[in-house]
Amino acid sequence: MENIIHIGANEGQESDMYYNKGNPKVIFIEAHPGILPRLIDRISKYENQKAIQALVTDVDGKEYDFFYDKNNAGQSCSLFDFHLHKKMFPRVTMAGTIKLIGKTLPTILKENNINLDEYKRINMDVEGAELLVLKGASSILHNFETIILEASNFESRIGQPFLKDIDEFMLSHNFVASTKRKIHHADGVNVVSIEEGNYYEVTYIQKK
């Protein structure tokens, strides 16, 4: 497995999986400072894994209201408030917001003395902010071979971009979707099937 930059780390639930699949170098980036201690604790046994607290966006230095959930262990934190997310995930509620300063991925890597050339893959789960992250990283996207993210084709969150917008942006930067897999399958309780659309995990690869 290639070395990975994982944006939207939450508590680093993938850390064991990464270790078991070749133990690559992994940079976990998590926005919420309250979640960071749990992330650090989880990955502390792996010397190839590092945690950074940062809100990754499209510009440097802008202040944002960052939404955090009440009852989903921080997995629904986002720059965007709920819209149809409430219909698909009726048990998840928001608790409030905190003020955070955004930074672009190139700035974060530079500030933390991370050698970009060592990393060829981005994994991203940023709850609607995917296009902001990608736009902020436009100048370095060509360094990556694979970018994996989750996105929806409906307005799960107020003002978020749609999957088609991300597809268009990625194509303009020489990336094509190699796989699209529907996720969050309905169980009628925690996840409800809605007619407006679905969530997908998409793997983009850079065209040679």
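First, a word on scope: everything that follows refers to the structure included in this document. (Residues numbered from 1 in each chain as written. Predicted model: local features only at pLDDT ≥ 70, side-chain atom pairs only at ≥ 80, totals over all residues. Heavy atoms only, no water.)

Here three strands make up an open sheet; going across it, the order is β4-β6-β5 and the pairing mixed. With partners counted over all chains shown, the strands left at the sheet margins are β4 (55–56) and β5 (63–69), one partner each. Examined bridge by bridge, β5 and strand β6 (residues 94–103) share seven bridges and lie antiparallel to one another. Within β6, the residue paired with E63 across the bridge is I101. (Pairing = 2+ DSSP bridges. Helix = DSSP H or I, 4+ residues; strand = E, 2+ residues; numbered from the N terminus.)

Within the span of helix α2 (residues 36–43), buried status applies to L36, L39 and I43. Along the axis of α2, the buried residues cluster in a sector spanning 60°; they form a single face. Structurally, α2 contributes buried residues whose contacts are with α1 (15–20), β2 (26–30) and β3 (49–53). (Buried < 20%, exposed > 50% of the residue type's maximum accessible area, 1.4 Å probe, protein only. Arc of directions from axis to C-beta. Contact = heavy atoms within 4.5 Å.)

Another aspect to go through is helix α6 (residues 163–172). Helical periodicity: at 3.6 residues per turn, an α-helix aligns residues three or four positions apart in one direction. All of the buried residues in α6 are L163, I166, F169 and M170. One face of α6 carries all of its buried residues, which in axial projection span an arc of 125°. For α6, the exposed residues set more than 90 degrees away from the buried face come down to K164, E168 and S172. Tucked inside the fold, the buried residues of α6 contact α5 (130–136), β8 (146–152), β9 (175–183) and β10 (199–206). Downstream of α6 by one or two residues, N174 has phi in the positive range, about 75°.

Before going further, it helps to spend a moment on the environment of F169. Assignment of secondary structure puts F169 in helix α6. In the structure, F169 is positioned 38 residues away from L131 in sequence and 8.0 Å away in space, judged by C-alpha atoms. Setting aside its immediate chain neighbours within four residues, F169 contacts L131, L134, K135, S138 and L141.

Our focus in this paragraph is unusual backbone geometry. We note that N10 has phi near 55°; this positive angle belongs to a residue other than glycine. Tracing the sequence through the fold places N10 in the loop between β1 (4–7) and α1. Judged by its relative accessible area of 7%, N10 is buried. In this model, N113 sits at a positive phi of 55°, which is unusual for a non-glycine residue. Of note, N113 is situated in the loop between α4 (105–111) and β7 (121–124). Taking relative accessible area as the criterion, N113 reaches 72% and is therefore assigned exposed.

Counting through the fold element by element, A151 comes out in strand β8. Assessed through its relative accessible area of 4%, A151 is described here as buried. Measuring from C-alpha to C-alpha, the distance between A151 and Q53 comes to 22 Å, with 98 residues separating the pair along the chain. Non-local contacts of A151, meaning those with residues more than four positions away in its chain, are made with L163, I166, N198, Y199 and Y200.

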